Amino acid sequence: MSASNIFAGERLRGTAASVLPLAVILLAWEAVCRAGLVAPTLLPAPSVVLLRWIALLPDPDFLHHVAQTMIRLLSGFAIALAAGVSIGLLASRGGGGLLEPVIRVLAPIPKIALYPAFVLIFGFDHASKIALVVADAVFPILLATFHGARSVEPKLLWSAWAAGASRRATIFTVVLPSALPSILTGCKIALLISCVTVFLAEMISSTDGLGHLLIRSARSFRIVDMFVPLVTISTIGLLLNAALVAVRNRLLVGHGNHR
Amino acid sequence: MKSALRKLGPAASTVLSLGALLVLWEILARLAQIDGFPPATEALVQVPLILGERESLASIGASLWRMFLGGALALCFAVPVGLAMGRNKRIAQALNPVLTAAYPIPKAALMPIIMLWFGVGDLSKVLVIFLGVSLPLIYHSFHGAHAVDEKLLWSAMAMGMKPVARLFKVVLPSALPDVLLGCRVGLAMALIVMISSEMIARQSGAGDLLFNALDMALYGDVYAMIVILAAIGFVLDWVFERVRRRLVHWAESRQDAMVPGGGV
Amino acid sequence: MSEPMIAIQGLTKRFSTADGRRHLAIDDVNVEVAEGEFVSILGPSGCGKSTLLYMVGGFVAPSSGAITVQGRPVTGPGPDRGPVFQEFALFPWKTVLENVMYGLRQQGVSKAEAEARARALLDMVHLKDFADFYPKELSGGMRQRVAIARTLAYQPQILLMDEPFGALDAHTRTVLQNELLGIWERDRKTVLFVTHGVDEAVFLSDRVVVMTRAPGRIKKVVEIDLPRPRVRAELLVNRRYQEYIVELEQLIEDVHLEAAGA
């Protein structure tokens with residue numbers, strides 16, 4: 001399982017060298033705006049966005065929206081994690097014959113299309129948004145768990161059985177740890193999807209949250225305030241991803257390029 | 001039961017599980033008795049009515065056309081970029097932070113901004129789809145190109161192949177399994193971005209139809225549209241998977257694509 | 001003679017190939033192994049000798065025939081038969097110490113006692129200072145030592161060794177062969193040892209079972225009547241050792257010729 005990954009994980013040598021291009025792009029953008037080449041009502045300078053963002057950070061109203069988004073994001077992800085891992089394990093151990101085709105039917109459905117149904121069933125509040133996050137995030141975790149658990153080296157299982165471990169015990173002492181690298185990769189994908197999904201759900205129908213902030217600003221053409229929620233969700237996504245990478249490095253000390 | 005299902009083969013078991021899901025839906029809805037959750041049969045009868053209407057059919061067709069355009073543009077742009085990143089450290093280092101920052105941004109969420117720039121027409125929608133498909137494509141092409149066996153490239157160099165030729169004649173074929181995996185994820189992404197951007201912009205298209213039905217409380221139509229979109233997702237994925245297997249039959253069977261793969 | 005430790009009678013194994021044909025891997029194998037005996041199964045790759053071992057381990061079910069261990073039929077894996085695999089099969093997420101403790105913990109031995117016994121075993125295989133390392137940080141020879149210690153920890157009566165030194169370099173292999181003999185000569189466990197190395201089989205075993213290929217049948221059983229404790233340097237100049245080597249090499253060559261002619 002490759003831990004290296006362009007979007008995170010890989011330890012880039014020379015952070016300065018890798019941040020430089022981003023700085024160049026931001027500076028060029030800044031310069032274009034300062035020079036008056038684009039109307040500030042269409043594209044605000046990055047410095048203006050950044051200053052507004054910093055100004056808003058201590059604002060209780062803004063933080064309320066951030067908190068609403070985080071509640072939906074994290075609870076949806078947590079439910080998806082619990083459900084994905086348990087269903088994935090179940091499907092890989094025997095239940096596969098029944099669950100596999102069901103998963104095959106459900107996985108390629110664009111979950112966002114289910115959102116109206118969730119709104120009708122769960123209402124306009126947290127529940128429908130959390131449901132959508134779960135529906136979107138559960139499949140990467142489920143499939144990763146399923147594949148990880150299916151590809152457990154049989155001789156690891158044999159070694160455990162021969163050592164007197166029961167079938168049930170090997171699920172927790174062999175199958176789950178073996179599948180862990182794969183599960184964490186699934187989590188990484190699911191986490192990004194959760195960020196995206198919660199934001200979209202809030203844009204489509206909500207009265208609070210970061211997505212709603214963007215829509216509210218768009219209605220009154222406040223371009224700077226449209227960029228702020230985007231910067232915020234991007235930052236949240238990157239921070240959560242960094243947290244996941246840290247957890248991963250913690251949990252996978254023994255895994256890696258053995259053999 | 002299990003062995004019986006397995007004997008049926010994947011196609012039959014898929015149909016069977018689809019039927020089982022519909023029956024489950026029917027039963028749950030009849031038990032729940034909520035207005036907003038009609039039984040499967042009530043939704044399914046609406047499907048031919050929606051598809052029979054010229055206007056909605058044209059709307060769905062236009063959506064798919066925009067999706068195709070955005071996807072095709074992304075294919076032409078993202079695959080070479082990803083391959084080049086995979087083979088050239090400098091290019092990778094230059095683009096890495098930009099892509100990293102862009103990854104968690106919901107691409108469909110850019111719709112309001114892009115609409116300010118380019119209006120509410122097709123251009124904005126195609127552009128958003130293009131952005132959404134590009135990222136996973138670049139990501140997977142990068143991985144594929146990164147993992148190409150050095151010795152293959154050395155032999156190509158020894159044969160006097162030029163860098164650009166090497167990229168298309170050695171790197172692309174070796175990275176093809178990964179590129180196609182990226183395409184599959186990109187396909188899922190295109191559909192998601194298409195639907196969500198239409199739900200946000202509310203001008204036309206399949207996502208708009210879906211929400212119009214919701215606004216007018218035509219619950220049967222809402223669920224019928226969901227069924228139609230789900231079917232489109234399933235069929236596109238199925239067709240693509242066939243093509244993919246054809247193209248990379250030489251590669252070992254890889255782990256199934258984890259659809260979907262990231263930023264909308 | 002008392003009841004054999006392992007009795008294999010009329011053992012046959014068929015596999016279904018991908019295109020649905022039945023492939024006969026092992027055909028009517030009969031072997032008895034006495035308690036404390038060191039028996040090698042020698043054969044070319046693809047003769048089903050590992051499959052035979054897996055069936056004794058209870059990991060793979062036979063198509064027909066019977067395997068009994070101390071008179072009881074084998075129905076699945078059990079801690080009376082400890083496997084050691086060519087691939088080591090260590091748990092990569094556990095440290096060396098935790099790997100060796102695993103079997104004891106699974107059998108309900110207290111943590112303190114399991115740790116004490118595991119440390120004693122690590123000392124025996126000269127890995128005392130590596131208790132807190134992860135398998136990936138060790139060389140192949142060290143990993144196999146850990147795997148042997150992990151299996152010895154739960155004190156199986158039988159060791160099932162599946163080409164345990166096959167993935168090691170020549171030097172490490174001889175070192176580990178010597179160590180294995182040292183351990184075996186101390187507590188005389190019953191050992192079933194699968195290998196394709198003629199010298200390894202002669203050096204270690206009391207008896208060598210030579211197998212044919214496709215299907216795997218017993219070609220011949222050779223008693224290795226050499227004094228113990230065995231010292232490699234002495235054996236190399238031992239006339240009888242040399243004769244065993246020649247005899248077995250000849251048998252293996254015959255097996256290859258038969259397979260090619262078939």
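Cut-offs and rules
- All chains use their own residue numbering, which begins from 1 and follows the written sequence.
- Here chains are named by letter from A upward and ligands by number from 1 upward, in the order in which they appear as written.
- Per-residue local features of the predicted model are confined to residues with pLDDT of at least 70, and side-chain atom pairs are confined, for both listing and counting, to 80 or more; whole-chain, interface and lining totals are unaffected and use all residues.
- The basis for every side-chain value is the complete set of heavy atoms in the structure, and neither hydrogens nor water enter the calculation.
- UniProt positions are given in the numbering used here, feature names are shortened, and annotations may be inferred rather than shown by experiment.
- Numbering goes from the N terminus for both helices and strands, where a helix is a DSSP run of H or I of at least four residues and a strand is a run of E of at least two.
- In this analysis, two residues are considered to be in contact whenever any of their non-hydrogen atoms come within 4.5 Å of each other.
- Throughout, buried area stands for the accessible area (probe radius 1.4 Å) lost by two parts on being put together, summed over both.
- Criterion for a salt bridge: a side-chain nitrogen of Lys or Arg within 4 Å of a carboxyl oxygen of Asp or Glu.
- In protein, a polar contact means a hydrogen-donor-capable atom and an acceptor-capable atom, both N or O and within 3.5 Å, with residues adjacent in sequence counting only if both atoms are side-chain atoms; elsewhere, any N or O pair within 3.5 Å suffices.
- We call Asp, Glu, Lys and Arg charged. Ala, Val, Leu, Ile, Met, Phe, Trp, Tyr, Cys and Pro are nonpolar, and the rest, Gly among them, are polar.
- Each Phe, Tyr or Trp ring (for Trp, its six-membered ring) is paired with any other whose centre lies within 6.5 Å, and the angle between the two planes then decides the class: stacked below 30 degrees, edge-to-face above 60, tilted in between.
- Accessible area is worked out with a 1.4 Å probe on protein chains only. A residue is then buried under 20% of its type maximum, exposed over 50%, and partly exposed in between.
- Two conditions define a charge located above a ring, namely a distance within 6 Å from the ring centre to NZ of Lys or CZ of Arg, and an angle within 35 degrees of the ring normal.
- Multiplying 1.5 Å by the residue count of a helix minus one yields the expected span of that helix.
- At any given residue, the bend is defined as the angle formed between two axes, one fitted to the seven residues that end at that position and one fitted to the seven that begin there.
- Neither His nor the chain termini are counted; the positive set is Lys and Arg, and the negative set is Asp and Glu.
- pLDDT measures how confident the predictor is about each residue, on a scale from 0 to 100.
- Following DSSP output, two strands are said to pair if at least two bridges run between them.
- Note on geometry: axes are C-alpha line fits, over the in-contact stretch for helices, and angles between N-to-C directions span 0 to 180 degrees.
- By definition in this entry, angles of less than 35 degrees are roughly parallel, angles greater than 145 are roughly antiparallel, angles of 65 to 115 are roughly perpendicular, and the rest are oblique.
- Here a crossing is called left-handed whenever its near helix is offset anticlockwise from the far helix by less than a right angle, and right-handed whenever the offset is clockwise.

**Student:** Pulling in residues and values, what's your account of the UniProt feature "domain: ABC transporter" (unreviewed entry) in chain C?
**Tutor:** The residues that UniProt annotates with the feature "domain: ABC transporter" (unreviewed entry) are residues 6-238 of chain C. Split by type, residues 6-238 of chain C is 33% helix and 27% strand. Its first and last C-alpha atoms lie 31 Å apart.

**Student:** Help me get a handle on the interface of chain A and chain C, residues and values and all.
**Tutor:** The partner chain C presents 25 residues to the 23 residues of chain A that form the contact. Where chain A abuts chain C, roughly 2100 Å² becomes buried across the two surfaces, and 67% of that area is made up of carbon and sulfur atoms. If you sort the residues of chain A by the area they bury against chain C, Lys155(A), Trp158(A) and Ala162(A) come out on top, with a joint share of 27%. At the surface where chain A touches chain C, the tally comes to 1 salt bridge. Between Lys155(A) and Glu87(C) there is a salt bridge; the shortest N-O distance is 2.8 Å. Between the two partners, chain A and chain C, sit 6 residue pairs in polar contact (both at pLDDT 80 or more). Mapped by element, the contributors of at least two residues to the side of chain A that touches chain C are α6 (154-162) and α7 (167-204) of chain A. Residues belonging to the side of chain A that touches chain C are distributed by class as follows: 11 nonpolar, 9 polar and 3 charged.

**Student:** Talk me through the packing of aromatic side chains; I want residue IDs and the actual numbers.
**Tutor:** Inspection of the entire model under this criterion finds 18 aromatic pairs over all chains. Consider the rings of Trp158(A) and Phe59(C), whose centres lie 4.7 Å apart with planes at 0°: the pair is stacked. Within this pair, whereas Trp158(A) is found in helix α6, its partner Phe59(C) is found in the loop between α1 (49-57) and β4 (64-69), the two belonging to separate chains. Both residues of the pair, Trp158(A) and Phe59(C), belong to the buried class. Taking the ring centre of Trp161(A) as reference, the NZ or CZ of Arg167(A) above it sits at 3.9 Å.

**Student:** Describe helix α8 (residues 163-201) of chain B, with residues and values.
**Tutor:** All names here are of chain B. Taking 1.5 Å of rise per residue, the 39 residues of α8 would be expected to cover 57 Å, yet its terminal C-alpha atoms sit only 44 Å apart, more than 12% below that figure. Remark: the principal bend of α8, roughly 65°, maps to Leu 176, with a proline, Pro 177, within the next four residues. Along α8, 29 of the 39 residues are buried, which leaves the element largely enclosed by surrounding structure. Looking one or two residues past α8, Arg 202 carries a phi angle of roughly 55°, positive in sign.

**Student:** So, the side chain of Lys13(C): which residues are in play, and what are the values?
**Tutor:** Residues and elements named next belong to chain C. Residue placement: Lys 13 occurs in strand β1 (residues 6-16). It turns out Lys 13 is buried and unbridged, and the closest side chain with the opposite charge, Asp 27, is 13 Å from it. Excluding its chain neighbours within four sequence positions, the residues that come into contact with Lys 13 are His 23, Leu 24, Ala 25, Ile 26, Thr 51, Met 55, Val 60, Ala 61, Pro 62 and Ser 63.

**Student:** Break down the side chain of Glu198(B) for me, citing the residues and quoting the values.
**Tutor:** Within the secondary structure, Glu198(B) is located in helix α8. Beyond its immediate stretch of four places on either side in the chain, Glu198(B) contacts Ser63(B), Arg66(B), Gln203(B), Ser204(B), Gly205(B), Ala206(B), Gly207(B) and Asp208(B).

**Student:** Provide a residue-level description of the confidence of the model for chain A, including the pertinent values.
**Tutor:** Per-residue confidence for chain A gives a mean pLDDT of 87; residues scoring 70 or more make up 90%. Contacts for the low-pLDDT stretch residues 1-13 of chain A, under 50 throughout, to residues beyond four places or in other chains number 37 contacts.

**Student:** Outline the UniProt feature "transmembrane region" (unreviewed entry) in chain A, supporting the account with residue identities and numerical values.
**Tutor:** Residues and elements named next belong to chain A. When the UniProt feature table is mapped onto this chain numbering, "transmembrane region" (unreviewed entry) sits at residues 12-29, 35-57, 69-90, 102-123 and 226-247. As annotated, residues 102-123 has a helix share of 59% and a strand share of 0%, and its two end C-alpha atoms lie 27 Å apart. Here residues 226-247 is 100% helix and 0% strand, with 33 Å between the C-alpha atoms at its ends.

**Student:** Could you give an account of the sheet that holds strand β10 (residues 218-223) of chain C, naming the residues involved and the relevant values?
**Tutor:** Pairing between the strands of a sheet comes from backbone hydrogen bonds, and it takes one of two forms, parallel or antiparallel. Residue and element names in this part refer to chain C. Taken in spatial order, the 6 strands line up as β6-β7-β8-β3-β9-β10 in an open sheet, and their pairing is mixed. The open sheet has two edge strands, β6 (81-85) and β10, and neither has a second partner. Across the sheet, the mean angle separating the axes of adjacent strands is 15° when strand polarity is ignored. Its contacts with the sheet put α1 on β3 (38-42), β6, β7 (158-162), β8 (190-195) and β9 (207-211), and the angle it makes with β7 is roughly 150°.

**Student:** Tell me about the sheet that holds strand β5 (residues 72-73) of chain C, and name the residues and values.
**Tutor:** Residue and element names in this part refer to chain C. Read across the sheet, 4 strands follow the order β2-β1-β4-β5 without closing on themselves; strand pairing throughout is antiparallel. Edge positions in the sheet fall to β2 (22-33) and β5, since each has one partner strand and no second. Across 5 bridges, the pairing between β1 and β4 is antiparallel. Its bridge partner lying in β4, Thr 12 is registered against Ser 64.

**Student:** So what's going on with the pairing of β1(C)? Which residues, and what values?
**Tutor:** The side chains of a regular strand alternate between the sheet's two faces. Residues and elements named next belong to chain C. Strand direction decides the pairing type here: β1 and β2, joined by 8 bridges, are antiparallel. Counterpart to Lys 13 in the pairing with β2 is Ile 26. Connecting β1 to the next strand, β2, in antiparallel fashion are 5 residues, including Gly 20 with a positive phi near 85°.

**Student:** I'd like a description of the environment of Phe139(A), backed by residues and values.
**Tutor:** Within the secondary structure, Phe139(A) is located in helix α5 (residues 126-150). For the pair formed by Phe139(A) and Val247(A), sequence separation is 108 residues and the distance between their alpha carbons is 21 Å.

**Student:** Please provide a residue-by-residue account of the pairing of β7(C), values included.
**Tutor:** Residues and elements named next belong to chain C. Most of β7 sits inside the fold, with 5 of its 5 residues counted as buried. Alternating residues of β7 divide into Ile 158, Leu 160 and Asp 162 and Leu 159 and Met 161, and every residue in both groups is buried. Two elements, β6 and β7, share 5 bridges in a ladder whose sense is parallel. Bridge pairing links Gly 82 to Leu 159 in β7.

**Student:** Can you break down the packing of helix α5 (residues 111-118) of chain B against helix α6 (residues 122-146) of chain B residue by residue, with the values?
**Tutor:** All names here are of chain B. Between α5 and α6, the shortest axis-to-axis distance is 9 Å and the interhelical angle comes to 135°. By the angle between their axes, α5 is oblique relative to α6. Seen from above, α5 lies across α6 with right-handed handedness. Contacts from Met 111, Ile 114, Met 115 and Phe 118 of α5 reach α6 at Leu 123, Ser 124, Lys 125, Leu 127, Val 128 and Leu 131. The residue makeup of the contact of α5 with α6, split by class, is 8 nonpolar, 1 polar and 1 charged.

**Student:** Summarise the pattern of salt bridges; cite the residues concerned and give the values.
**Tutor:** Within this structure, the stated rule accounts for 26 salt bridges over all chains. Of the charged contacts, one joins Arg66(B) and Glu198(B) as a salt bridge, the two residues approaching to 2.9 Å between their closest N and O atoms. Here Arg66(B) is found in helix α3 (residues 54-87), whereas its partner Glu198(B) is found in helix α8, with 132 residues between them in sequence. Relative accessible area serves as the criterion here: at 3%, Arg66(B) is assigned to the buried category. Between Glu163(C) and Lys49(C) there is a salt bridge; the shortest N-O distance is 3.6 Å. Remark: Lys49(C) occurs in helix α1 and Glu163(C) occurs in the loop between β7 and α5 (170-187); sequence separation between them is 114 residues. For Glu163(C), a relative accessible area of 12% corresponds to the buried category. By relative accessible area, which is 3% here, Lys49(C) ends up buried. Where salt bridges share partners, they join Arg184(B), Asp237(B), Glu241(B), Arg244(B) and Arg245(B) into one cluster.

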